[in-house]
Amino acid sequence: MKKSLIALAVLAASGTSFAQSSVTVWGVVDAAVSRGTSDLNSVTRLVGSGISSSQLGFRGTEDLGGGMKANFWLEAGVSNDNGTGGGSTTNNTSTGTGATSSTSIGGTATAGTVATNGTQGLTFNRRSTVSLSGGFGEIRLGRDYTPQFWNWTVYDPFGTNGVGTNRAMLSSVALGGTTGSTTGTAVRASNSVTYLYNHGANATYAAGNQGLHAAVQMYYGENVSTSTTPNDGDGTGIRVGYNAGPLSAAVGYGQTKFATGNMTMTNFGASYNLGVANLIAQITKDQLGTVKGDGMLLGMTAPMGAGLVRASYSTYENKATLADSQQVAVGYVHNLSKRTRAYVTYANVKNGNGANAALGGATGVANKASSGFDIGMTHSF
Amino acid sequence: MKKSLIALAVLAASGTSFAQSSVTVWGVVDAAVSRGTSDLNSVTRLVGSGISSSQLGFRGTEDLGGGMKANFWLEAGVSNDNGTGGGSTTNNTSTGTGATSSTSIGGTATAGTVATNGTQGLTFNRRSTVSLSGGFGEIRLGRDYTPQFWNWTVYDPFGTNGVGTNRAMLSSVALGGTTGSTTGTAVRASNSVTYLYNHGANATYAAGNQGLHAAVQMYYGENVSTSTTPNDGDGTGIRVGYNAGPLSAAVGYGQTKFATGNMTMTNFGASYNLGVANLIAQITKDQLGTVKGDGMLLGMTAPMGAGLVRASYSTYENKATLADSQQVAVGYVHNLSKRTRAYVTYANVKNGNGANAALGGATGVANKASSGFDIGMTHSF
Amino acid sequence: MKKSLIALAVLAASGTSFAQSSVTVWGVVDAAVSRGTSDLNSVTRLVGSGISSSQLGFRGTEDLGGGMKANFWLEAGVSNDNGTGGGSTTNNTSTGTGATSSTSIGGTATAGTVATNGTQGLTFNRRSTVSLSGGFGEIRLGRDYTPQFWNWTVYDPFGTNGVGTNRAMLSSVALGGTTGSTTGTAVRASNSVTYLYNHGANATYAAGNQGLHAAVQMYYGENVSTSTTPNDGDGTGIRVGYNAGPLSAAVGYGQTKFATGNMTMTNFGASYNLGVANLIAQITKDQLGTVKGDGMLLGMTAPMGAGLVRASYSTYENKATLADSQQVAVGYVHNLSKRTRAYVTYANVKNGNGANAALGGATGVANKASSGFDIGMTHSF
């Protein structure tokens, strides 16, 4: 994802003059045979996005002079196991989504409703923004990632993809998912205005920029002032981080106002690259209405030959029910090239106090363990 | 939109020989923070297409020799505030559309149903055609703009986008929209065959061609002959115009047969470019069943420094109820480059005799005024 | 389709180094005015895919060294008469599809449900795969064509498009279509793993490879083991062929397990190119639950000037009801260039023993004939 394909292009101005410009068509196609097992049952599936998110995108940058740039970014999720796309929400709440189905995310059967199903066409659900950038930073308008999401994924050895996905982040989604209300804002928000400082084009890459980086976002639920729930779907988010050589750390916070109870997500992530291994940790604290949840992750990645070993231990506890899950995940990614990788991932989750998290599409059973296994390949272009 | 990005490309013939060809990937991403206020309420939103329609397209032309060309054009609407696409209709009536929602167009709350909602994936709803062109003109097959639509948008300083959108055109849509029946043909028609004379690839650009230009279109509702409404969704359209130096004028007519009452749209537009300002006018006369409506617009655009000032006064009256609306719109567009512009637009609409038109997403109140304000940027690639 | 447009591209690695790569954006836009007539009624329509399937795709290949390649292929169906896309299925059964409508395929009114309607956005419903290939062959993961489908289309002078579409294949779909259960696997399957030997990137082209070629596929319905129908939507397919100079022959077999009764499709196709004409034949034997059906086709294509004459005679009989249909189709394709063709096709189908197959959108009448006529153009890029 750090590389992009730039189609050389020519701007034809009314047939009279030409100037150089560029549009980038890029994407990822990742597929895995995935096996999930629980105390109750098992299932074998072909899944997309085993270690990286399958996507197709169009983006470009125009130099406006004086250090200013105009940028656009249209990024569509692709469910390449069946060719369909991903859903979005027009107002950051479940009323703004279309037909939904209880699709699991990253292998957990307890995740809530997600706006994706068999009729779902491609949308630029992952990101659709236009922006101005320069020495001051960047102002972006459109649908974009929420700032606090980046801590969940940047400080996760498995990048919130596949059976190894960060339990802390997954359960945060589930916490909100029980009412369906965080569908829109745990990961992304529509109708957003974001200011970014010292970020790359993709907010993820802030992890690689030295010094301070920050993102501040607000988004609209777009209700009229006389609505009985005028603030439903409105929200704000912020993330501030610092990178210095091997050290990277960032704190994130986001709150979305829902008619059914506000959702607040606070997290902190850090990593330290020893060279032989990159050590990673994060903590997350969420609240939906009056229900709180706490999560954490300890993990690492380590280069090994032409590949990368990855491992994590992550937990989540619902502070109201005390339901808690602990997950161990290990994986190996073999680089066939800079753009193509083969991988295997194994994860096991244990449940207590009524929790029933499950992996790989198996059906969760309260207080019982579940395991998942992915073997696949990913190709970026 | 007058510029396009041409990806240089090579045609690989079975790995043995190569010939040059071209495919153009182009688009517009336009976003604005929009504020609407009525006597009842107000709302702040992030909207797409504030002054130009957000879109992503693929097109190309092949020289067949002898002055003949083959052309294709696939153009998808993009709701970049949330990443979703736009709807279409398979039979030019509302029965051919899918799930619909009462989304407002261009700021009016009185517009009818539009096939776009949270689950709407990308479609080439704006245009999907294949054509042959040459000295004789062009024959196009597919989904395309209806001829009379071009007068509404070409002779509108605001190009039928944003809060300044031509009241005459908007209310024409609303007239039909009260039965949902013009959803498919006020702007575009599916299943169409069009003959164009002296047009550019995009019918809009006929405004720039000197001398006579014309478009004649027919489209099918595709009902079997034994249907109880065999002609439902069938229609025809024509537009004839003339450009001579600073003068541009065109007349348009379209009729769609609906089971619920035929829809007829007749309009005339003209502009005269004085250099310091381009003066613009149009009139429209519509009839849906037995209900008639009349609209008009007076407007201008004027270059100012690195930008363009735009203003219009437009009205519409339902001849049956005598409900009438009068709108004033003013705006300024600042060119950051040929491809990137920042803009502000303000509009105010007054209502009489029970009309309740509203702007910027606010809720209309009978006989009361409403105002809307957009501030945003647009980037084409 | 044998030619592709390769956008020259440059891989930008974090802004520091560049390496050459490629992404191909390709497509077909095919449109025809189509007329269908039956004993009961008639209808005129604008249709897409008259002789070739309208589509838009993105694909690429990366050389991994040592004779190995990584490949991706994302191919979306386009209904260019109205701009919409095509549906898919997440689990290879009708429960995995979304809202459906009784759209006819290729002119038959008896075909079953297809997941495409007015709200259908673009999906990569035709194919979405990632693969590794080398001297050993190719391993593909994702949504792909079922092996036995290729015999239906490769050994059909009309390539299973338009009013001339192979009656044997159409009725096979209809056989399954009566329960809606083959929607997912008669042509394509989701969640598939395929091994291909001596194939081109597109499995079709195996017809052009000399010697033995083969494809073996399995696909998952993705049901948990405790499901009451744990194997619903699981399936396997195989195709083995041999090409030697003018001779081409292949046998295909596919079986999908459905809760409502397994579907088995067996077929054989062969062609012999005499130079002045290519002679084509195929037979198909299907079984859905306990109902069997038999089909056959005899056909030919012959170059004539700058064009191609095509003709076929194809039949299908439901062995349970003895309902049988016999179809004659003739057509001419005129090459305007290698990428652009104009065409006319005429077909007539006769029905017996209660069969009511119809062409071109007309309504079928038991034991009565129906005819269809397409005139259009197709352009590939």
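Residues numbered from 1 in each chain as written. Chains lettered and ligands numbered in written order. Predicted model: local features only at pLDDT ≥ 70, side-chain atom pairs only at ≥ 80, totals over all residues. Heavy atoms only, no water.

1. Considering the overall build of chain A
Along its length, chain A carries two helices and 19 strands. Counting over 381 residues, chain A shows a buried share of 60%. For chain A, the share of sequence-separated contacts (at least 6 apart) that also reach a separation of at least 24 residues comes to 58%. Counting only carbon and sulfur atoms, one obtains 59% of the accessible surface of chain A, whose full area is about 12,700 Å². (Helix = DSSP H or I, 4+ residues; strand = E, 2+ residues; numbered from the N terminus. Buried < 20%, exposed > 50% of the residue type's maximum accessible area, 1.4 Å probe, protein only. Contact = heavy atoms within 4.5 Å. Areas by Shrake-Rupley, 256 points an atom, 1.4 Å probe, with all protein chains shown as cover.)

2. Considering the environment of Val240(B)
Residue and element names in this part refer to chain B. Structurally, Val-240 is set in strand β11 (residues 235-244). By relative accessible area, Val-240 is classed as partly exposed at 31%. Spatially, the C-alpha atom of Val-240 lies 26 Å from that of Ser-88, the residues being 152 residues apart in sequence. Apart from residues lying up to four places away in sequence, Val-240 is in contact with Leu-212, His-213, Ala-214, Ala-249, Ala-250 and Val-251.

3. Remarks on the nonpolar core
Of all hydrophobic cores here, the largest spans 66 residues; its most connected members are Phe58(A), Phe58(B) and Phe58(C). Leaving out residues up to four positions away in the same chain, Phe58(A) has contacts with Thr24(A), Val25(A), Trp26(A), Phe72(A), Trp73(A), Leu74(A), Phe124(A), Val25(B), Leu56(B), Phe58(B) and Phe58(C). Core analysis: the second largest hydrophobic core is formed by 16 residues, Tyr145(C), Trp152(C), Ala186(C) and Met263(C) among them. (Core = buried A, V, L, I, M, F, W, Y, C linked by side-chain atoms within 4.5 Å.)

4. Things to note about the pattern of salt bridges
Residues and elements named next belong to chain A. Tallying each qualifying case throughout the model produces 22 salt bridges over all chains. Note that Arg-127 and Asp-144 form a salt bridge whose closest N and O atoms lie 3.8 Å from each other. Of the two residues, Arg-127 sits in strand β7 (residues 127-134) while Asp-144 sits in strand β8 (residues 137-145), which places them 17 residues apart along the sequence. On the accessibility criterion, Arg-127 (3% relative accessible area) is buried. What makes Asp-144 buried here is its relative accessible area of 4%. Look at the salt bridges and you will find they share partners, linking Arg-127, Glu-138, Arg-140 and Asp-144 into a network. (Salt bridge = Lys/Arg side-chain N within 4 Å of Asp/Glu carboxyl O.)

5. Structural notes on empty space enclosed by the protein
One pass over the structure, following the stated rule, counts seven cavities of 30 Å³ or more. Phe58(A), Leu122(A), Leu56(B), Leu122(B) and Leu122(C) are the residues nearest the centre of the largest cavity, which is lined by 14 residues in total. Mapped by element, the contributors of at least two residues to the lining of the largest cavity are β4 (55-65) of chain A, β4 (55-65) of chain B together with β4 (55-65) of chain C. Looking at the lining of the largest cavity, its residues break down into 14 nonpolar, no polar and no charged. (1 Å grid on protein atoms, 1.4 Å probe; cavity = no way out; pocket = protein on both sides within 12 Å on 5 of 7 lines; lining within 4 Å. Points joined across faces, edges and corners; volume = space filled by probe spheres on them. Nonpolar A, V, L, I, M, F, W, Y, C, P; charged D, E, K, R; others polar.)

6. Looking at unusual backbone geometry
In this model, Asn198(A) sits at a positive phi of 60 degrees, which is unusual for a non-glycine residue. Following the sequence through the fold, Asn198(A) ends up in the loop between β9 (188-197) and β10 (211-219). Taking relative accessible area as the criterion, Asn198(A) reaches 28% and is therefore assigned partly exposed. Its identity as a non-glycine residue notwithstanding, Thr160(B) has a phi of 50 degrees, on the positive side. Residue position: Thr160(B) is located in the loop between α1 (147-154) and α2 (167-177). Using a relative accessible area of 15% as the deciding quantity, one classes Thr160(B) as buried.

7. Some points on α1(B)
With seven of eight residues buried, α1(B) lies mostly within the body of the structure. Of the positions making up α1(B), those classed as buried are Pro147(B), Gln148(B), Phe149(B), Trp150(B), Asn151(B), Trp152(B) and Thr153(B).

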